[in-house]
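Per-entry structural report
The chain contents come next:
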Amino acid sequence: MQALGMRAVPGIALCAALLAAPAFAQNAANNPGSVANATFTSDVVDGAPVDYREAFDTTTGVVYFYAEVLDQHGQTIKHRWKREGKVMQEVPIRVQQQRQAVWSKSVMQPEWTGAWTVEVVNGKGEVIEVDNFAYNPAE
């Protein structure tokens, strides 16, 4: 009797796993991904931002956007840098892990003052994060 019970448990577990597999695959396919700990910074050292900024002035030559991307393993995402709504650059980034720190940078020009936005675009072309910073004239 005990042996029969032991055989039934793996069969039930296998059946439950098979029933859950389509739901898991559907959820993974429908998951657009997400972003955590997004920030602008003046540099990235050892894979981490050195400061957390919302504004820079024209004495800053490079601005970095840092974020942790979740649930985009195997996808190529983009950081879309926009100034006053105009796309200035798109940086493709290959995601190799379920949770991966990624960053890109923009080499700034003094005449590029104004409102800036970085959009994180998933592998399907959907915007999954939007963050803003100001680039101001030096005082």
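Structure's up top.
Definitions and cut-offs
Residues numbered from 1 in each chain as written. Predicted model: local features only at pLDDT ≥ 70, side-chain atom pairs only at ≥ 80, totals over all residues. Heavy atoms only, no water. Helix = DSSP H or I, 4+ residues; strand = E, 2+ residues; numbered from the N terminus. Buried < 20%, exposed > 50% of the residue type's maximum accessible area, 1.4 Å probe, protein only. Contact = heavy atoms within 4.5 Å. Areas by Shrake-Rupley, 256 points an atom, 1.4 Å probe, with all protein chains shown as cover. Salt bridge = Lys/Arg side-chain N within 4 Å of Asp/Glu carboxyl O. Pairing = 2+ DSSP bridges. Axes fitted to C-alpha atoms, helices over the stretch in contact; angles between N-to-C directions.

Some details on the overall build of the protein
Scanning the protein for helices and strands turns up one helix and ten strands. Secondary structure elements in the protein, listed N-terminal to C-terminal, are α-β-β-β-β-β-β-β-β-β-β. Taken over 139 residues, the protein has a buried fraction of 31%. If you take every contact in the protein between residues at least 6 apart in sequence, the share linking residues at least 24 apart comes to 60%. Here the protein has roughly 8400 Å² of accessible surface; of this, 55% comes from carbon and sulfur atoms.

Quick look at the pattern of salt bridges
Inspection of every chain in the model, using the stated rule, returns six salt bridges. E90 is the partner of K78 in a salt bridge, and the nearest nitrogen-oxygen pair spans 3.5 Å. With a gap of twelve residues between them, K78 in strand β6 (residues 76–83) and E90 in strand β7 (residues 86–94) connect regions that are remote in the sequence. The partly exposed category is assigned to K78, whose relative accessible area is 34%. The exposure class assigned to E90 is partly exposed, which follows from its relative accessible area of 36%. Its salt-bridge partner being R80, residue E90 comes within 2.6 Å of it at the nearest N-O pair. One end of the pair, E90, is in strand β7; the other, R80, is in strand β6, and ten residues separate them in sequence. Exposure remark for R80: the relative accessible area of 19% places this residue in the buried category.

Describing the sheet that holds strand β1 (residues 34–41)
Read across the open sheet, the three strands follow the order β1-β5-β8; overall the sheet is antiparallel. Each of the sheet's edge strands pairs with one partner strand only, and the pair in question is β1 and β8 (99–107). The sheet shows a mean angle of 15° between the axes of neighbouring strands, taken without regard to direction. The pairing of β1 with strand β5 (residues 62–70) spans six bridges and is antiparallel. Across the sheet, residue T39 finds its bridge partner in β5, namely Y66.

A look at the environment of M88
Summarising the element assignment, M88 is placed in strand β7. Among the residues examined, M88 registers a relative accessible area of 29% and is labelled partly exposed. Between the C-alpha atom of M88 and that of W116, which follows or precedes it by 28 residues, the distance is 9.7 Å. Among all residues touching M88, those that are not within four sequence positions of it are W81, K82, R83, W112 and W116.

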